[in-house]
Amino acid sequence: MAIQHAVLALLADGPSYGYELKGAFETAVGPQWGSLNIGHLYQILDRLARDELVRAERQAQPVKPDRVVYEITPAGRTELARWLAEPSPRSGGFRDDFFLKVTAAARSGSADVVRTVLANQRGYLLRELRNLGTLRREATDPVVELLLSAACRHVEADLAFLDDAETGLLDGARIRIPSARTAGADAVPGALPDGRAAGLAEGA
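Reading the values: rules and limits
Residues numbered from 1 in each chain as written. Predicted model: local features only at pLDDT ≥ 70, side-chain atom pairs only at ≥ 80, totals over all residues. Heavy atoms only, no water. Axes fitted to C-alpha atoms, helices over the stretch in contact; angles between N-to-C directions. Helix = DSSP H or I, 4+ residues; strand = E, 2+ residues; numbered from the N terminus. Parallel < 35°, antiparallel > 145°, perpendicular 65-115°, else oblique. Contact = heavy atoms within 4.5 Å. Nonpolar A, V, L, I, M, F, W, Y, C, P; charged D, E, K, R; others polar. Pairing = 2+ DSSP bridges.

## Thoughts on the packing of helix 1 (residues 3-11) against helix 3 (residues 38-50)
Point 1. Closest axis-to-axis distance for the helix 1/helix 3 pair is 10 Å, and the angle between their directions is 75°. The orientation of helix 1 relative to helix 3 falls into the category roughly perpendicular. Counting all contacts with helix 1, which are made through Ile3, Gln4, Val7, Leu8 and Leu11, the residues of helix 3 involved are His40, Leu41, Ile44, Leu45 and Leu48.
Point 2. Taken together, the residues that form the contact of helix 1 with helix 3 break down as eight nonpolar, two polar and no charged.

Given below as C-alpha coordinates:
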(Lines give C-alpha, C1' and ligand atoms only; values in the text may rest on other atoms or scores of the structure.)
Protein backbone atom coordinates (compact mmCIF):
# COMPACT_ATOMS: atom_id res chain seq x y z
CA MET A 1 0.00 0.00 0.00
CA ALA A 2 1.31 3.41 -0.97
CA ILE A 3 0.40 5.00 2.35
CA GLN A 4 3.64 6.97 2.24
CA HIS A 5 2.33 8.79 -0.82
CA ALA A 6 -0.97 9.51 0.91
CA VAL A 7 1.06 11.03 3.77
CA LEU A 8 2.95 13.17 1.26
CA ALA A 9 -0.39 14.31 -0.17
CA LEU A 10 -1.57 15.34 3.30
CA LEU A 11 1.69 17.22 3.95
CA ALA A 12 1.33 19.00 0.60
CA ASP A 13 -1.43 21.03 2.31
CA GLY A 14 1.02 22.20 4.99
CA PRO A 15 3.22 20.99 7.88
CA SER A 16 1.68 18.58 10.37
CA TYR A 17 2.56 16.15 13.16
CA GLY A 18 1.88 12.47 13.78
CA TYR A 19 -1.51 12.35 15.47
CA GLU A 20 -2.84 15.18 13.33
CA LEU A 21 -1.79 13.25 10.20
CA LYS A 22 -3.40 10.09 11.54
CA GLY A 23 -6.72 11.90 12.04
CA ALA A 24 -6.52 13.60 8.65
CA PHE A 25 -5.81 10.29 6.90
CA GLU A 26 -8.70 8.46 8.58
CA THR A 27 -11.08 11.32 7.82
CA ALA A 28 -9.95 11.46 4.20
CA VAL A 29 -10.35 7.76 3.39
CA GLY A 30 -13.42 7.03 5.49
CA PRO A 31 -14.33 4.08 7.74
CA GLN A 32 -13.94 1.30 5.17
CA TRP A 33 -10.15 1.59 5.14
CA GLY A 34 -9.85 1.22 8.90
CA SER A 35 -7.67 3.04 11.39
CA LEU A 36 -4.03 3.87 10.74
CA ASN A 37 -1.62 2.49 13.33
CA ILE A 38 0.31 5.41 14.82
CA GLY A 39 3.49 3.33 15.18
CA HIS A 40 3.32 2.40 11.50
CA LEU A 41 2.73 6.04 10.61
CA TYR A 42 5.86 7.13 12.49
CA GLN A 43 7.86 4.44 10.68
CA ILE A 44 6.62 5.88 7.38
CA LEU A 45 7.51 9.41 8.45
CA ASP A 46 10.99 8.30 9.52
CA ARG A 47 11.51 6.62 6.13
CA LEU A 48 10.30 9.70 4.28
CA ALA A 49 12.68 11.84 6.33
CA ARG A 50 15.62 9.50 5.58
CA ASP A 51 14.77 9.71 1.88
CA GLU A 52 14.66 13.53 2.22
CA LEU A 53 11.05 13.64 1.01
CA VAL A 54 10.02 15.37 4.24
CA ARG A 55 11.93 17.34 6.84
CA ALA A 56 11.31 16.96 10.56
CA GLU A 57 11.52 19.78 13.10
CA ARG A 58 11.23 19.29 16.84
CA GLN A 59 9.06 21.97 18.46
CA ALA A 60 8.94 22.62 22.19
CA GLN A 61 5.55 22.79 23.93
CA PRO A 62 4.85 24.55 27.22
CA VAL A 63 3.43 21.55 29.08
CA LYS A 64 3.50 18.49 26.83
CA PRO A 65 6.65 16.80 25.48
CA ASP A 66 8.29 18.23 22.38
CA ARG A 67 6.34 17.66 19.16
CA VAL A 68 7.93 16.70 15.84
CA VAL A 69 6.40 18.58 12.91
CA TYR A 70 6.88 17.26 9.39
CA GLU A 71 7.01 19.31 6.21
CA ILE A 72 7.15 18.09 2.61
CA THR A 73 10.33 18.95 0.70
CA PRO A 74 10.65 19.84 -3.01
CA ALA A 75 11.87 16.27 -3.59
CA GLY A 76 8.75 15.06 -1.80
CA ARG A 77 6.51 17.11 -4.08
CA THR A 78 8.32 15.69 -7.11
CA GLU A 79 7.79 12.14 -5.83
CA LEU A 80 4.11 12.85 -5.12
CA ALA A 81 3.64 14.21 -8.65
CA ARG A 82 5.37 11.14 -10.12
CA TRP A 83 3.11 8.78 -8.15
CA LEU A 84 -0.05 10.64 -9.13
CA ALA A 85 0.93 10.54 -12.82
CA GLU A 86 1.42 6.73 -12.92
CA PRO A 87 -1.29 4.05 -13.23
CA SER A 88 -1.78 1.79 -10.21
CA PRO A 89 -1.42 -1.97 -10.79
CA ARG A 90 -3.17 -4.38 -8.45
CA SER A 91 -0.89 -4.56 -5.42
CA GLY A 92 -1.45 -8.28 -4.93
CA GLY A 93 -1.76 -9.22 -8.58
CA PHE A 94 -4.48 -11.83 -9.02
CA ARG A 95 -3.44 -14.08 -6.16
CA ASP A 96 -6.40 -14.56 -3.88
CA ASP A 97 -7.00 -16.69 -0.79
CA PHE A 98 -10.57 -17.51 -1.80
CA PHE A 99 -9.51 -18.70 -5.26
CA LEU A 100 -7.19 -21.18 -3.57
CA LYS A 101 -10.11 -22.31 -1.41
CA VAL A 102 -12.24 -22.85 -4.53
CA THR A 103 -9.36 -24.81 -6.08
CA ALA A 104 -9.12 -27.04 -3.00
CA ALA A 105 -12.90 -27.53 -2.91
CA ALA A 106 -12.98 -28.46 -6.60
CA ARG A 107 -10.12 -30.94 -6.18
CA SER A 108 -12.00 -32.62 -3.34
CA GLY A 109 -14.26 -34.12 -6.00
CA SER A 110 -17.34 -33.30 -3.91
CA ALA A 111 -20.09 -31.11 -5.35
CA ASP A 112 -21.40 -30.60 -1.81
CA VAL A 113 -18.06 -29.19 -0.67
CA VAL A 114 -17.99 -26.78 -3.62
CA ARG A 115 -21.59 -25.66 -2.98
CA THR A 116 -20.85 -25.11 0.71
CA VAL A 117 -17.72 -23.05 0.00
CA LEU A 118 -19.53 -20.90 -2.58
CA ALA A 119 -22.64 -20.47 -0.40
CA ASN A 120 -20.62 -19.43 2.66
CA GLN A 121 -18.69 -16.87 0.62
CA ARG A 122 -21.87 -15.56 -1.01
CA GLY A 123 -23.47 -15.00 2.40
CA TYR A 124 -20.39 -13.14 3.62
CA LEU A 125 -20.24 -10.95 0.50
CA LEU A 126 -23.94 -10.08 0.65
CA ARG A 127 -23.54 -8.97 4.27
CA GLU A 128 -20.49 -6.93 3.28
CA LEU A 129 -22.45 -5.32 0.45
CA ARG A 130 -25.28 -4.35 2.79
CA ASN A 131 -22.82 -2.83 5.28
CA LEU A 132 -21.09 -0.87 2.51
CA GLY A 133 -24.44 0.36 1.25
CA THR A 134 -25.30 1.68 4.71
CA LEU A 135 -21.93 3.44 5.04
CA ARG A 136 -22.32 4.89 1.56
CA ARG A 137 -25.76 6.35 2.33
CA GLU A 138 -24.39 7.92 5.51
CA ALA A 139 -21.26 9.37 3.86
CA THR A 140 -21.10 13.15 3.63
CA ASP A 141 -17.67 13.46 2.00
CA PRO A 142 -17.78 12.87 -1.79
CA VAL A 143 -14.32 11.28 -1.79
CA VAL A 144 -15.31 8.82 0.95
CA GLU A 145 -18.51 8.06 -0.96
CA LEU A 146 -16.41 7.29 -4.06
CA LEU A 147 -14.16 4.94 -2.09
CA LEU A 148 -17.20 3.13 -0.71
CA SER A 149 -18.62 2.91 -4.22
CA ALA A 150 -15.37 1.31 -5.39
CA ALA A 151 -15.56 -1.18 -2.51
CA CYS A 152 -19.14 -2.05 -3.52
CA ARG A 153 -18.06 -2.70 -7.09
CA HIS A 154 -15.27 -5.00 -5.91
CA VAL A 155 -17.78 -7.00 -3.86
CA GLU A 156 -20.19 -7.15 -6.81
CA ALA A 157 -17.35 -8.49 -8.99
CA ASP A 158 -16.62 -11.16 -6.36
CA LEU A 159 -20.30 -12.14 -6.39
CA ALA A 160 -20.17 -12.45 -10.18
CA PHE A 161 -17.13 -14.73 -9.80
CA LEU A 162 -19.19 -17.00 -7.53
CA ASP A 163 -21.77 -17.31 -10.31
CA ASP A 164 -18.97 -18.18 -12.75
CA ALA A 165 -17.56 -20.75 -10.33
CA GLU A 166 -20.94 -22.39 -9.82
CA THR A 167 -21.55 -22.60 -13.57
CA GLY A 168 -18.03 -23.76 -14.38
CA LEU A 169 -17.59 -26.36 -11.63
CA LEU A 170 -21.02 -27.87 -11.05
CA ASP A 171 -23.31 -29.85 -13.33
CA GLY A 172 -26.37 -30.51 -11.23
CA ALA A 173 -25.26 -32.77 -8.40
CA ARG A 174 -21.95 -33.59 -10.05
CA ILE A 175 -18.64 -31.78 -10.15
CA ARG A 176 -17.14 -31.05 -13.56
CA ILE A 177 -13.44 -31.64 -12.88
CA PRO A 178 -11.84 -34.92 -11.79
CA SER A 179 -10.90 -35.41 -8.19
CA ALA A 180 -7.22 -35.24 -7.31
CA ARG A 181 -7.70 -38.60 -5.57
CA THR A 182 -9.00 -40.39 -8.67
CA ALA A 183 -7.31 -38.59 -11.54
CA GLY A 184 -3.89 -40.09 -10.90
CA ALA A 185 -0.65 -38.38 -9.95
CA ASP A 186 0.10 -37.35 -13.54
CA ALA A 187 -3.16 -35.37 -13.81
CA VAL A 188 -2.37 -33.00 -10.95
CA PRO A 189 0.97 -31.15 -10.80
CA GLY A 190 2.58 -31.80 -7.46
CA ALA A 191 0.32 -34.74 -6.63
CA LEU A 192 1.52 -37.27 -4.12
CA PRO A 193 1.95 -40.93 -5.10
CA ASP A 194 -1.51 -41.84 -3.73
CA GLY A 195 -3.14 -39.16 -5.88
CA ARG A 196 -3.47 -36.47 -3.23
CA ALA A 197 -2.52 -32.95 -4.31
CA ALA A 198 0.48 -31.71 -2.38
CA GLY A 199 -0.47 -29.14 0.23
CA LEU A 200 -4.12 -30.22 0.61
CA ALA A 201 -5.05 -31.42 4.05
CA GLU A 202 -5.81 -35.09 4.54
CA GLY A 203 -9.53 -35.67 4.38
CA ALA A 204 -10.18 -32.69 2.05
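## Some remarks on the sheet that holds strand 3 (residues 67-72)
Point 1. On the basis of which strands lie adjacent, the open sheet formed by three strands has the order 1-3-2 and antiparallel pairing. Looking at the sheet topology across the chains shown, the edges are occupied by strand 1 (16-17) and strand 2 (54-59).
Point 2. Direction of pairing for strand 1 relative to strand 3: antiparallel, over a ladder of two bridges. The residue of strand 3 that forms the bridge with Tyr17 is Val69.
Point 3. Seen against the sheet, helix 1 touches strand 1, strand 2 and strand 3 and runs at an angle of roughly 90° to strand 3.

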